[in-house]
Amino acid sequence: MTVESRKVTITLPQHLLEFADRLAARVNTSRSQVISQALAAAEVREQERVAAVGYRFYAGEAVEFADATSRPVAEAIATTPNEVTNGETW
């Protein structure tokens, strides 16, 4: 898959630039690729964080819904005529 790239100019602390250069040399790639991969990893972590927040929110809603509806559903099932259930116990 080809991803469109653009040239940018950034300012980094000296120690991070040196680290990026050492890492690039060690894995035989470019400084740009090292920085790009670091940002891509940060993007994935952010997406996972946002998803986790959403899952926690909707899990709470699901629990509230289950609590609010479990009794009426149980009552509806208990009073369902046999002809609807073909005589099976639900």
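Residues numbered from 1 in each chain as written. Predicted model: local features only at pLDDT ≥ 70, side-chain atom pairs only at ≥ 80, totals over all residues. Heavy atoms only, no water.

J.: Just to check I follow, could you spell out the overall build of the chain for this structure?
T.: Assigned secondary structure in the chain consists of three helices and zero strands. Scanning the chain from its N terminus toward the C terminus, one meets helices and strands in the order α-α-α. Expressed as a percentage of the 90 residues in the chain, the buried residues total 4%. As displayed, the chain offers around 8,200 Å² of accessible surface, 57% of which is attributable to carbon and sulfur atoms. (Helix = DSSP H or I, 4+ residues; strand = E, 2+ residues; numbered from the N terminus. Buried < 20%, exposed > 50% of the residue type's maximum accessible area, 1.4 Å probe, protein only. Areas by Shrake-Rupley, 256 points an atom, 1.4 Å probe, with all protein chains shown as cover.)

J.: Sorry, what's going on with helix α2 (residues 31-78) here?
T.: Structural remark: α-helix, 3.6 residues per turn; residues separated by three or four positions point the same way. The end-to-end C-alpha distance of α2, which contains 48 residues, comes to 68 Å, matching closely the 70 Å that a straight helix rising 1.5 Å per residue would cover. At T69, α2 shows its largest bend, some 40°, and a proline, P72, comes one to four positions later. (Expected span 1.5 Å × (residues − 1). Bend = angle between axes of the 7 residues up to and from the residue.)

J.: Before we go on, may I ask you to explain the packing of aromatic side chains in this structure?
T.: Aromatic ring pairs are described here by two measures, namely the spacing of the ring centres and the angle between the planes. Tallying each qualifying case throughout the model produces one aromatic pair. Ring centres 4.9 Å apart and planes at 80° place the aromatic pair F57 and Y58 in the edge-to-face group. A relative accessible area of 47% places F57 in the partly exposed class. (Phe/Tyr/Trp six-rings, centres within 6.5 Å; stacked < 30°, edge-to-face > 60°.)

J.: Please explain the environment of S36 as it appears in this structure.
T.: Looking at where S36 falls in the secondary structure, it is placed in helix α2. The spatial distance from the C-alpha of S36 to the C-alpha of S5 is 10.0 Å, given a sequence separation of 31 residues.

J.: Even after reading the chapter, I still don't get the pattern of salt bridges, so can you show me in this structure?
T.: If charged atoms from side chains of opposite charge come close, those side chains can pair. Applying the stated criterion across every chain, the model contains three salt bridges. The shortest N-O distance in the salt bridge between E46 and R49 comes to 2.8 Å. Taken as a pair, E46 and R49 lie in helix α2 at a separation of three residues, close to a single helical turn. Across the pair R71 and E75 runs a salt bridge, and its minimum N-O distance is 3.5 Å. Taken as a pair, R71 and E75 lie in helix α2 at a separation of four residues, close to a single helical turn. Residue class for R71 comes out exposed when judged on its relative accessible area of 63%. (Salt bridge = Lys/Arg side-chain N within 4 Å of Asp/Glu carboxyl O.)

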